[in-house]
Amino acid sequence: MKRRGNDVTTWLLGLPGLLWLLALFVVPTLLVVLIAFKPSDLYGGTQAGWTVAAWGKLWSPGFGRILLRTLGLALLTTLLCLVPSVPCAYFLARQPPQRRNLWLLLVILPFWTSLLVRVLAWKVLLHPEGFFKKVLVWLYLVDANAVLLYNTPTVLLVQVYAFLPFALLPIYAAAEKVDFTLMEAARDLGAGPAAAFFRIFVPAVAGGIWGAVAMVFIPALGSYVIPDLVGGPSSELIGNKIAQRTFTDRNLPLAAALATCLMLAVLPPMLLALGRRRGNREGLY
Amino acid sequence: MFSEIDKSFGDLAALTNVSLAVKEGEIFSLLGPSGCGKTTLLRLAAGFLFPDRGRITLGGRDITSDPPEKRALNTIFQNYALFPHMSVRQNISFGPRTAGWPADRIRRETERLLALVQLETAADKKPQQLSGGQKQRVALARALILEPKVLLLDEPFAALDLKLRQRMLTELERLQREVGITFVFVTHDQFEAMSISDRIAVMRGGRIEQLGTPKAIYETPANRFVCSFIGDSNLLTGSRRGDGRAMDVAGLGVVVLPTQATRDEAVLAVRPEQVQLSLAAPVDGDNVFRGCILDRVYLGSHTRYTVDLGVLHLQAQLPAGSSLTALAVGDQAFVHWRAQDGTLLPDGDGGVP
Amino acid sequence: MKQERWPGLIFAGVLLFFYVPMVVVVANSFNASRFGTRWQGFTFDWYAKLFADRGIWDAFVNTLIVGGAASLAAVVLGTLSALCLHRARGFLLRFKFGLVYLPLAVPDILMGISLLLMFVMVRVELGFTTIILAHGCFCTSYVAMVVLARLQDFDFSTMEAARDLGASPVQAGLRVLFPQLAPGIFSGALLAFSLSVDDYVITFFVAGPGATTLPLRVYSMIKHGAPPLINALSTLILAATFLLVGLALRFRNKEHTP
């Protein structure tokens, strides 16, 4: 009886926040799907009635290419982020605590640094007259006339740069809890260092790796800033298309249809991540 | 204090028709295995739970529906529940500050309690910097400063190691004598309950199985459950013979009972320390059986033997220095106990309170 | 036995990868050369020009207002929702994931477009208000997540102890629960603030004419060129971020190690 009273109070206290999130997240998200079935008008709004016109416009080889490019680039980004992250997490977890905290800080800082600033940094580096270009030319790795910016590999490079901390931190969080005597036991039983690493450490941090996949793959699918700033017309992703439909042609239903596609693409990895390790994200920040 | 308490969580009945009265100034223990309802009972007393039925009174006043802050009793939590963001001194003065005592009285009382639990030197430390025993003393001081009528202690020694546990037990007894407050003590450790309590309630499955002094509970257990929960026991089951002063144990023979059996099936409990071992057959005849030493465990102050009597194994315990400590596994020996040392259990299993 | 060298080398490589680009930006911000191709002497000129730019100042002030308002709303609403959701079971657990974790997991662009569509549908004029509302949403989720994590470590028996010692539920909340959560709430607020101050994509979608924040400004500077100025601005942003994050982490660590 008394207890129930407390529960009601807690609910009343929490209600404004929950309604706030409901109104600003759940409602708009559902709205996107609805608007995708509305006819557009010429003034950047929508008309009454329902239509699948927006979906018809999507059904083109051009859109298929963009969808495939987005998926492919997101997958590659994820893979390239995971490869260095696992040994780094291993290295960090085996450091003595004092030094580990310093190293960890050096990983956390880029995690929080403005994405724009970090993209800018690469624009400066890869600038036709930039430092990086000169080094490459000097090493005879690229031609003096090569253009390093505005192509798909550059988008990939900058995405890896941007999302690497997102991959490293969850894997580290898992690595921190690994019992390293298991690796010693494996060595004791005759496994080489590589075998111990791949057969003991990697499976032990599998949860963190899945977390990292979600943390990189999901934002990579929705990437917009990076292809817009360092990519060219041949490296546009769904994100760019959404922005173009919204701001260039003011065709909101088409933008909504694109967003719905992105939502559908994002949904499986998201459910996977939420289902696998519920508290995973909490440790990250 | 409690009368006819029922409490259930969903479909699970945690307490069924429990009534018990704790006397003023005594140390009272609720003893039982985990899940027996002892902690539920304590939380009902403290006011963290409310009964579905029944009343709780304190010093004649009905407190059944009072919230915890209105009850004149305080609790020592199992994990002590010290406030981690406050120093020892602030932890202890929390109650008085909440109650709005005048500042100088708060200061005086806090210092008095710090001295009582001998923590003057640690007064400005944070709980995380204290050892387990010190934390417990803070919890004690924090609870005692409000001079409650009853102090509730929820497994207060569970987190301490054996040595410290014994020291804290002694200390707790000293404190109780000094402050003269009623202690209600929840534990699953029979040693703790036996050594400290004036009276014990043995609980199982949401019911009280037996209520009495440690001596009464140990020597005249009410049923098989109490008997095996408190200390070790040899249990012999047989069928009543003639007038009920003896029973037949299948495969063993006639066992003489201490009292008259009233039912066809009788259960006799014999404590291991009451079983005698000898190489030659004792002269006087009751309850003498021949067996073979199956196992021998040296425990310092005494040695525990397991004797194979064919149909059953009997535990016997000899004090250190006994002339028979040379008995080895495989030796033939006689076991014997005096008829009056056994306890005839009133019923087969317990169940009926 | 010697420790394997490879992981350390890879980690060193990753750190270089992280920091070399940033160092180049910082270095160039002091470079007198207009395009930063060659070192032409040390200068504060770009900073002087930056501080003289009224537009940037206005954007900066706007950013602070948005970040401040959004994180303030987030602290109150997020903390209360976390308290409410902490004990959620079954059906309510979906709320916890749907309202707290999902908004943080969804790509920014989806949140941006969905909020824009909603604002257009309900005919709210785009501008300051819409930016604050949008930021308030993800900041609230963020604070709620941090507080939920804190609550997981919180020993609720200390609340019972407070009640036992005579505190009313409200007193127990204010004197036992809140002080223990405060460092977490504060560090959550700082980080929510830095999320808001950094956000470009969502702001871009919901910003109306006239409401320009620093990231919007930075973006157009990157896109349309003004390299030396943007280097100087980026350096300042980097410094501010490091300071803010350092502060937030200090707070969080202080809580863990007494």
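Cut-off values and rules
Residues numbered from 1 in each chain as written. Chains lettered and ligands numbered in written order. Predicted model: local features only at pLDDT ≥ 70, side-chain atom pairs only at ≥ 80, totals over all residues. Heavy atoms only, no water. Contact = heavy atoms within 4.5 Å. Buried area = accessible area lost by both parts, 1.4 Å probe. Salt bridge = Lys/Arg side-chain N within 4 Å of Asp/Glu carboxyl O. Polar contact = N/O pair within 3.5 Å; in protein donor to acceptor, adjacent residues only side chain to side chain. Helix = DSSP H or I, 4+ residues; strand = E, 2+ residues; numbered from the N terminus. Nonpolar A, V, L, I, M, F, W, Y, C, P; charged D, E, K, R; others polar. Axes fitted to C-alpha atoms, helices over the stretch in contact; angles between N-to-C directions. Parallel < 35°, antiparallel > 145°, perpendicular 65-115°, else oblique. Left-handed = near helix turned anticlockwise from the far one by under 90°. pLDDT = per-residue confidence, 0-100. Buried < 20%, exposed > 50% of the residue type's maximum accessible area, 1.4 Å probe, protein only. Phe/Tyr/Trp six-rings, centres within 6.5 Å; stacked < 30°, edge-to-face > 60°. Lys NZ or Arg CZ within 6 Å of the ring centre and 35° of its normal.

**Student:** Talk me through the interface of chain C and chain B; I want residue IDs and the actual numbers.
**Tutor:** The interface of chain C with chain B comprises 19 residues on the first partner and 25 residues on the second. In total, chain C and chain B occlude about 1800 Å² of area from one another, counting both sides; carbon and sulfur atoms represent 58% of this. Counting the surface chain C buries against chain B, the share from its top three residues, Asp164(C), Leu165(C) and Arg175(C), is 40%. Summed over the shared surface of chain C and chain B, the result is 2 salt bridges. Across the salt bridge formed by Arg43(B) and Glu160(C), the nearest N and O atoms sit 2.6 Å from each other. Where chain C meets chain B, there are 8 residue pairs in polar contact (both at pLDDT 80 or more). Of all the secondary-structure elements, those providing two or more residues to the side of chain C that touches chain B are helix H7 (157-164) and helix H8 (169-198) of chain C. Per-element accounting of the side of chain C that touches chain B gives the leading share, 7 residues, to H7(C). Within the side of chain C that touches chain B, the residues separate by chemical class into 8 nonpolar, 6 polar and 5 charged.

**Student:** Lay out the packing of helix H3 (residues 61-93) of chain A against helix H1 (residues 6-29) of chain C in plain terms, naming residues and giving numbers.
**Tutor:** Running from N to C, H3(A) and H1(C) point in directions that differ by 110°, and their axes come no closer than 8 Å. Classified by the interaxial angle, the pair formed by H3(A) and H1(C) is roughly perpendicular. Crossing geometry of H3(A) relative to H1(C) is assigned as left-handed. Here Pro84(A), Pro87(A), Cys88(A), Tyr90(A), Phe91(A) and Leu92(A) of H3(A) come into contact with H1(C), specifically with Pro7(C), Gly8(C), Ile10(C), Phe11(C) and Val14(C). When the residues that make up the contact of H3(A) with H1(C) are grouped by side-chain class, the tally is 10 nonpolar, 1 polar and no charged.

**Student:** Hey, could you go over the confidence of the model for chain B for me, with residue numbers and the actual values?
**Tutor:** It should be kept in mind that the predicted coordinates are not to be read in detail where pLDDT is low. Residues and elements named next belong to chain B. Chain-level statistics for chain B give a pLDDT mean of 83 and a share of 93% at 70 or above. Within chain B, helix H2 (residues 88-92) carries the highest mean pLDDT (93), whereas strand E1 (residues 2-9) carries the lowest (59). This complex was scored by the predictor with a pTM of 0.81 and an ipTM of 0.86.

**Student:** Give me the lowdown on the interface of chain A and chain C, citing residues and values where you can.
**Tutor:** Chain A puts 85 residues into the contact, and the matching count from chain C is 82 residues. Both faces combined, the contact of chain A with chain C buries some 7900 Å², and carbon together with sulfur accounts for 80% of it. Counting across the interface, chain A meets chain C through 1 salt bridge. The residue Lys223(C) makes a salt bridge to Asp228(A) at a minimum N-O spacing of 3.0 Å. On the surface where chain A and chain C come into contact, there are 8 residue pairs in polar contact (both at pLDDT 80 or more). With 22 residues, helix H1 (residues 2-35) of chain A is the single largest residue contributor to the side of chain A that touches chain C.

**Student:** Pulling in residues and values, what's your account of the pattern of salt bridges?
**Tutor:** Per the counting criterion, the structure on display carries 25 salt bridges over all chains. Where Asp249(A) meets Arg245(A), a salt bridge forms, and the shortest distance between an N and an O atom there is 2.4 Å. For Arg338(B), the salt bridge is made with Asp341(B), and the minimal N-O distance between the two is 3.2 Å. Overall, Arg338(B) belongs to the partly exposed group, its relative accessible area being 45%. The network of salt bridges with common partners includes Arg89(B), Glu111(B) and Asp124(B).

**Student:** Residues and numbers for the confidence of the model for chain A, please.
**Tutor:** The share of residues in chain A with pLDDT of 70 or more is 92%, and the mean pLDDT across the chain is 84. Long-range and interchain partners of residues 278-285 of chain A, a stretch whose pLDDT sits below 50, account for 21 contacts in this model, where long-range means more than four residues apart.

**Student:** Tell me about the packing of aromatic side chains, and please be specific about residues and values.
**Tutor:** One pass over the full model with this rule turns up 36 aromatic pairs over all chains. Considering the side-chain rings of Trp112(A) and Tyr142(C), the 6.1 Å spacing of their centres and the 85° angle between planes classify their relative orientation as edge-to-face. Here Trp112(A) is found in helix H4 (residues 97-112), whereas its partner Tyr142(C) is found in helix H6 (residues 128-153) on a different chain. By the burial criterion, Trp112(A) is buried, and Tyr142(C) matches it. Between Phe204(C) and Phe205(C), the aromatic rings sit 5.8 Å apart at their centres with planes inclined by 75°, giving edge-to-face as the arrangement. Since its relative accessible area comes to 23%, Phe204(C) is described here as partly exposed. Seen from the ring of Tyr161(A), Arg118(A) lies directly overhead, with NZ or CZ sitting 5.2 Å from the centre.

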